[in-house]
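# Structural overview
Next come the chains, spelled out residue by residue.
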Amino acid sequence: MRLRVVDLETTGGDRTSEIIEVGIVDVVQGADGEWTPLPPVSKLFRPRGEISFHAMAVHHLTPEHFCDADPHCDEYALREMFAACGPADVMVAHSARFERGFIADTAHAGLPWICTLRSAKQVWPDAPGHSNQVLRYWRGHRHDPALADPAHRAGPDAWVTAHTLIDLLKTASIEQMIEWSNAPRDVETVPFGKHRRKPWAQVPDDYLRWMAGQSDMDADVLTAARAEIERRSRG
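Residues numbered from 1 in each chain as written. Predicted model: local features only at pLDDT ≥ 70, side-chain atom pairs only at ≥ 80, totals over all residues. Heavy atoms only, no water.

## Brief notes about the overall build of the protein
Convention followed: Segments assigned H or I by DSSP are reported as helices when at least four residues long, segments assigned E as strands when at least two residues long, and all are numbered from the N terminus. Remark: exposure states derive from per-residue accessible area (1.4 Å probe, protein chains only) relative to the maximum for the residue type, with buried under 20%, exposed over 50%, and partly exposed in between. Contacts were defined at the residue level, with two residues in contact if any of their heavy atoms lie within 4.5 Å. All accessible areas in this document rest on Shrake-Rupley with a 1.4 Å probe, and a residue is counted as covered only by the protein chains that are shown.
When helices and strands are counted, the protein shows 10 helices and 6 strands. Burial analysis of the protein (235 residues in total) assigns 47% to the buried set. Sequence-distant contacts, at least 24 apart, represent 57% of the contacts inside the protein between residues at least 6 apart. Accessible surface, the protein as shown: approximately 12600 Å² in total, 52% of it carbon and sulfur.

## Looking at the nonpolar core
Stated formally: To define a nonpolar core, start from buried Ala, Val, Leu, Ile, Met, Phe, Trp, Tyr and Cys residues and group those joined through side-chain atoms within 4.5 Å.
Among the nonpolar cores identified, the biggest contains 26 residues, and Leu 3, Val 5, Val 27, Ile 114, Leu 165 and Ile 174 are the most heavily contacted of them. For this core, the elements supplying multiple residues, two or more each, are strand E1 (2-10), strand E2 (19-29), strand E5 (90-93), helix H4 (116-123), helix H7 (154-168) and helix H8 (174-182). For this core, the element with the most residues is H7, which contributes 7 residues. Discounting chain neighbours no more than four positions away, the residues touching Val 27 are Met 1, Arg 2, Leu 3, Val 5, Trp 35, Thr 36, Pro 37, Ala 162, Leu 165 and Ile 166.

## So, the environment of Arg 97
Tracing the backbone shows Arg 97 in helix H3 (residues 96-102). For the pair Arg 97 and Ile 114, spaced 17 residues apart in sequence, the C-alpha separation works out to 9.8 Å.

## Considering the packing of aromatic side chains
Each aromatic ring pair is described using two quantities: the centre-to-centre distance and the angle formed by the ring planes. Basically, it comes down to this: A pair of aromatic rings is counted whenever rings of Phe, Tyr or Trp (Trp by its six-membered ring) have centres within 6.5 Å, and the orientation is called stacked for planes under 30 degrees apart, edge-to-face for over 60 and tilted otherwise.
With the rule as written, the count across this model stands at 3 aromatic pairs. Ring geometry for Tyr 207 against Trp 210: centres 5.4 Å apart, planes inclined by 35 degrees, an arrangement best described as tilted. Note that Tyr 207 and Trp 210 are positioned in helix H9 (residues 205-212) at a spacing of 3 residues, about one turn of the helix. With relative accessibility at 11%, the residue Tyr 207 sits in the buried group. The exposure class assigned to Trp 210 is partly exposed, which follows from its relative accessible area of 42%.

Take a look at the structure:
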C-alpha cells in the first residue's frame, strides 16, 4: 500500500492560478504493518503569468526562483512526476479540496483522496487548531528542519502532512478517512456574494435557483442550495 501525499504552491488562490511547485512524499506500509515516509520529492515549475504578492507572502517564491529551463506545469507534467515516483493507491493532501482543484483525476488515474484536515477534525475535534503546522506542534512531531522547513514550501509541507497522516492512521482506517474526505461539507451559511453569511433559510428563492443552476459552483455549496430548495418544496 502506497499513500501519495502531495502539496502544491501556486501563483494565487483562484482557479486561474498556476502550479509553480509540487511536493510529494510517499508513505508506504512495511511487512510489519508500520507506515514509513519516503524522502520528499519536489519540483519547481515556471509560471506563464505573474505570481500574486499575496502568494509570494505565503511561499516566498518570486520570479527570480525560476529560469527559462524550468518547465511549465500541466496535466502531462504532473502525470510524468507521479509516474516517476511509482504507482500509488491513494492521493493525500492537507485541505485536499485545494489540491484537487488543480490536479485532474486523469493525472493520477482517478485514485481516491484523503484530506488530512477533514480527517484530523474527526479524530482530534478538540485540537487547538487543524492547520498543518498547528497539528505538527500539538501532536509533538519532531522533524528534521532540513526536511520540514521552511513552512509553505511544497516539499516541507508534504513532509509535515505525511507525518500527520501516519499519526491519523493509528486511530482511523484508510477507508474511514476516504469517506470523511468525500462527505459533503456542512455549509451552514452562504459563503459569498450579496447574501454572504446569511443562513440558507433567509436566502431568496431566485438566488437559490441561480446558485443551483451554476455548473462551476462549489459542490458543497450546490448541495446546500439544492437541499434548501428541496426543503421549501416540501412546504
